[in-house]
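# Coordinate inspection notes
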Amino acid sequence: MADEILVRASGLVKVHPMGGVRAVDGIDFELRKGEAFGFLGPNGAGKSSTMRMIGCVSTPSAGELRIFGLDPATDGARIRARLGVVPQEDTVDTELTVRENLYIYGRYFGLSRARIRERTAGLLEFAQLEDKASEQVGALSGGMRRRLTIARSLINEPEILLLDEPTTGLDPQARHVLWDRLFRLKQEGVTLILTTHYMDEAEQLCDRLVVMDRGRIADEGSPRELIERHSTREVLELRFPPGEQAIRAEKVTDIAERLEVLPDRVLLYVEDGEAALAAVHARGVTPITALVRRATLEDVFLTLTGRTLVD
Amino acid sequence: MTRMHLLVERNLMVYRHTWSLLVAEVFEPVLYLLTIGIGIGTLVGHVRGTGVAYPQYVAPALLATAAMNGAMNETTFNLFQKLKFDRVYDSILTTPMTVRDVAFGEVCWALLRGTLTTSGFLVIVTVLGLVHTPWALLALPGAAVIGFAFASAGLAVTTYLRDWQDFQLIQLVMLPMFLFATTFYPLGVYPRPVQLAVECLPLYQSIELLREPSLGHIGPGLLVAAVYLLVMGVLGLAIALPRLRRTLLA
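Note that the coordinates shown come from a computational prediction; the quantities given were computed from them, not determined experimentally.

### Things to note about the overall build of chain A
Looking only at helices and strands, chain A has eleven helices and 13 strands in total. Projected onto its principal axes, the C-alpha positions of chain A cover 75 × 45 × 40 Å. When burial is assessed residue by residue, chain A has 53% of its 311 residues classed as buried. Restricting the contact set of chain A to residue pairs at least 6 apart, pairs at least 24 apart contribute 68%. When the accessible surface of chain A is totalled, it reaches about 13500 Å², and 49% of it is carbon and sulfur. Counting 41 positive and 49 negative side-chain charges, chain A places the centres of these two groups 4 Å from one another.

### Observations regarding the overall build of chain B
Within chain B, the secondary structure is distributed over ten helices and two strands. Since a compact globule built from 250 residues should have a radius of gyration of about 18 Å, the 19 Å found for chain B is in line with a globular shape. For chain B, the C-alpha atoms occupy an extent of roughly 60 × 40 × 35 Å along the three principal directions. Relative to its 250 residues, chain B shows a buried fraction of 53%. Taking the contacts inside chain B whose residues are at least 6 apart along the sequence as the reference set, 79% of them involve residues at least 24 apart. Approximately 11200 Å² of chain B is accessible, and the part contributed by carbon and sulfur atoms is 72%.

### Remarks on the packing of helix 3 (residues 98–108) of chain A against helix 4 (residues 113–126) of chain A
All names here are of chain A. It is at 10 Å that the axes of helix 3 and helix 4 come closest, and there the two elements cross at 135°. Viewed along their axes, helix 3 and helix 4 adopt a mutual orientation that is oblique. With respect to the hand of their crossing, helix 3 and helix 4 are arranged in right-handed fashion. For the pair formed by helix 3 and helix 4, the contact residues are V98, R99, L102, Y103, G106 and R107 on the first element and R113, I116, T120 and L124 on the second. For the contact of helix 3 with helix 4, the per-class residue count stands at five nonpolar, two polar and three charged.

### Brief notes about the packing of aromatic side chains
Here the structure, examined in full by the defined rule, presents 16 aromatic pairs over all chains. Seen in terms of ring centroids, F80 of chain B and F167 of chain B are 5.4 Å apart; in terms of plane orientation they differ by 75°. Their pairing is edge-to-face. With a gap of 87 residues between them, F80 of chain B in helix 3 (residues 54–85) and F167 of chain B in helix 7 (residues 167–180) connect regions that are remote in the sequence. Looking at F167 of chain B, the relative accessible area reads 7%, which means it is buried. Sitting over the ring of F68 of chain A, R82 of chain A keeps its end group 3.8 Å from the ring centre. The ring of Y57 of chain B is capped by R211 of chain B, whose NZ or CZ atom sits 3.6 Å from the centre of that ring.

### Some details on the interface of chain B and chain A
Contacts between the two partners involve 24 residues from chain B, matched on the other side by 25 residues from chain A. Overall, the association of chain B and chain A removes approximately 2300 Å² of surface from exposure, summing both partners, and the carbon and sulfur fraction of that is 55%. At the boundary of chain B and chain A, one finds five salt bridges. E95 of chain A serves as the salt-bridge partner of R10 of chain B, at 3.0 Å between the closest nitrogen and oxygen. Linking chain B with chain A are 15 residue pairs in polar contact (both at pLDDT 80 or more), by the criterion used here. Counting residues per element, the ones that place at least two in the side of chain B that touches chain A are helix 1 (4–17) and helix 4 (88–92) of chain B. With seven residues, helix 1 of chain B is the single largest residue contributor to the side of chain B that touches chain A. Looking at the side of chain B that touches chain A, its residues break down into eleven nonpolar, five polar and eight charged.

### Examining helix 3 of chain A
By the criterion of burial, helix 3 of chain A is predominantly enclosed, with ten of the eleven residues buried. Within the sequence span of helix 3 of chain A, burial applies to V98, E100, N101, L102, Y103, I104, Y105, G106, R107 and Y108 of chain A. On the buried face of helix 3 of chain A, the contacting elements are strand 5 (83–86), helix 4 and helix 5 (142–153) of chain A together with helix 1 and helix 4 of chain B. Two residues or fewer after helix 3 of chain A comes G110 of chain A, characterised by a positive phi angle close to 80°.

### Here's the deal with the packing of helix 5 (residues 99–127) of chain B against helix 6 (residues 139–158) of chain B
Residues and elements named next belong to chain B. One way to put it is that helix 5 packs onto helix 6 with a least axis distance of 8 Å and a crossing angle of 140°. Comparing their axes, helix 6 and helix 5 come out oblique. Between helix 5 and helix 6 lies a crossing of right-handed hand. Counting all contacts with helix 5, which are made through A103, V107, A110, L111, T115, T118, S119 and L122, the residues of helix 6 involved are A139, L140, A143, A144, G147, F148, A151, S152 and L155.

### Quick notes on the domain arrangement of chain A
Parsing chain A into structural domains produces domain 1 (5–227) and domain 2 (232–294). Summarising the inter-unit geometry, the C-alpha centres of domain 1 of chain A and domain 2 of chain A are found 39 Å apart.

### Remarks on the confidence of the model for chain B
Per-chain confidence: chain B averages 93 in pLDDT, with 100% of residues scoring 70 or above. Within chain B, helix 2 (residues 20–44) of chain B has the poorest average pLDDT of any element, 89, and helix 6 of chain B the best, 97.

### Here we look at the side chain of R147 of chain A
Residues and elements named next belong to chain A. Inspection of the secondary structure assignment puts R147 in helix 5. As a buried residue without a salt bridge, R147 has its nearest oppositely charged side chain in D171, at a separation of 8.2 Å. When residues no more than four places from it in sequence are discounted, the contact partners of R147 are A127, Q128, L129, V177 and L178.

### Points about the sheet that holds strand 2 (residues 22–32) of chain A
Residue and element names in this part refer to chain A. Strands sit in the order 2-1-4 across an open sheet of three strands; the sheet is antiparallel. Whereas interior strands pair on both sides, the edge strands pair on one side only; in this sheet they are strand 2 and strand 4 (62–67). For this sheet the average axis-to-axis angle between neighbouring strands, irrespective of direction, equals 15°. Two strands pair when backbone bridges link them, and strand 1 (residues 5–15) and strand 4 are joined in this way by five bridges, in the antiparallel orientation. Bridge assignment links V13 to a residue of strand 4, and that residue is A62. The strands touched by helix 1 (residues 47–54) within the sheet are strand 1, strand 2 and strand 4, with strand 2 carrying the most contacts at an inclination of about 60°.

Analysis parameters
- Residues numbered from 1 in each chain as written.
- Chains lettered and ligands numbered in written order.
- Predicted model: local features only at pLDDT ≥ 70, side-chain atom pairs only at ≥ 80, totals over all residues.
- Heavy atoms only, no water.
- Helix = DSSP H or I, 4+ residues; strand = E, 2+ residues; numbered from the N terminus.
- Buried < 20%, exposed > 50% of the residue type's maximum accessible area, 1.4 Å probe, protein only.
- Contact = heavy atoms within 4.5 Å.
- Areas by Shrake-Rupley, 256 points an atom, 1.4 Å probe, with all protein chains shown as cover.
- Lys, Arg positive; Asp, Glu negative; His and termini not counted.
- Charge placed at Lys NZ, Arg CZ, Asp CG, Glu CD.
- Rg over C-alpha atoms; globule rule 2.2 N^0.38 Å.
- Axes fitted to C-alpha atoms, helices over the stretch in contact; angles between N-to-C directions.
- Parallel < 35°, antiparallel > 145°, perpendicular 65-115°, else oblique.
- Left-handed = near helix turned anticlockwise from the far one by under 90°.
- Nonpolar A, V, L, I, M, F, W, Y, C, P; charged D, E, K, R; others polar.
- Phe/Tyr/Trp six-rings, centres within 6.5 Å; stacked < 30°, edge-to-face > 60°.
- Lys NZ or Arg CZ within 6 Å of the ring centre and 35° of its normal.
- Buried area = accessible area lost by both parts, 1.4 Å probe.
- Salt bridge = Lys/Arg side-chain N within 4 Å of Asp/Glu carboxyl O.
- Polar contact = N/O pair within 3.5 Å; in protein donor to acceptor, adjacent residues only side chain to side chain.
- Domains from an automatic or database assignment.
- pLDDT = per-residue confidence, 0-100.
- Pairing = 2+ DSSP bridges.

Here it is in structure tokens:
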């Protein structure tokens, strides 16, 4: 049961009719029951297009997609009945109150009025919106709206919850509240699929993730596996005066296993950051600032694609 | 199984907060009736060749116009806002609801709204003593048919709109149609070629559908008008549905 496959995609392609862009260019993945699965990549990598296809609101241009073993082309409504969707932009119904939003959304799923009433109290508590139940949605803050969107997506007790950049645009405090809610859902056994371009979010929430770039999957694994596979244990970040990154980097190239020159700093991939920094100083190279940190998914992405994730 | 009634339920919930807009919509034809129907009516007396008092002649045309506007405002202005800016349908379509549920639901709601506006206006017309036959009650199913035709047409038009400026183009069609479609004087005023053109207008057919019964004339002409409007409604939906699918399910 633990290894039950909920979503299976092979050779999945999405070509957008306007402009003919291949947003998703032949990807394969499998999603297992109970896991938190992430699509990591920069804007335009094809994450949202993939999510829309899984959500059965966009038809694949080629390849095969099965959700709960069903074909979205013929069983879209049946699949959607078992999904919860949190879109990238909040699409809560601004003409209705918080409670009415939950109510009508439940109705779209064909739930009875009594069943919706039962669910609403718990969901308002989950979203910390008990005091706001009778307010127009227009009066809510960004964080509250996002929590309402998530609460709404849970009205039908979905087996899979799709979250497209769930914390984009939220302040740090609101992000942490949201992460906490998502952890709780995961513990309750809800399967999560999320997209993000935040490294810390992917590392915090995802059991397994795929790194996407230009419509393709660059690699796949747990955050730990990916970091081990594509990065060293630590990273030494050196900052030099503007325009001098490349020249200074030449002098320290052999200290690192691998070295990346970015416009504003130089990254040295090393096992021991402090030792490397000592070696840099020993050569008489003095950066403006130096920082030793653990490797993150950002480094994985940089290694895989040669580009940074968020510019 | 269709879930279009759920969209009607949603819109009813919204109108619980904004019911005053519906009252405003009844107010507009009342103004026309008072100023032109009754005001100018005192100068006109009876409509030539019919023996009908002028306000009594104009009232059903204003009823038809109210049904048209009530339905069409809903599937143009309101629907455009929901489609492009509030993105209400994007979230609805993540549920088992389909584009067809959304389109049929909106048209159904719009024709109900048009009929509701017409009913309110009909009460006022009756109170003013301008109704002389029980056949006038045919205005209610008539308004539903008119509402269907214009709601569907409005939906089709909305799928072509790019921004709010484009609404000027709708007004460019609607206002002349309102003025020329025998709202304020009979078809006989025009020379024959113009008559033919006016007879093709959907508002002319709508006015026929309500005016003839309210004057006590029941005949096959009513069927022509009804069929015209039903075909218009079906065509509107046939154009709108695939276009909405393309927009919403890209």
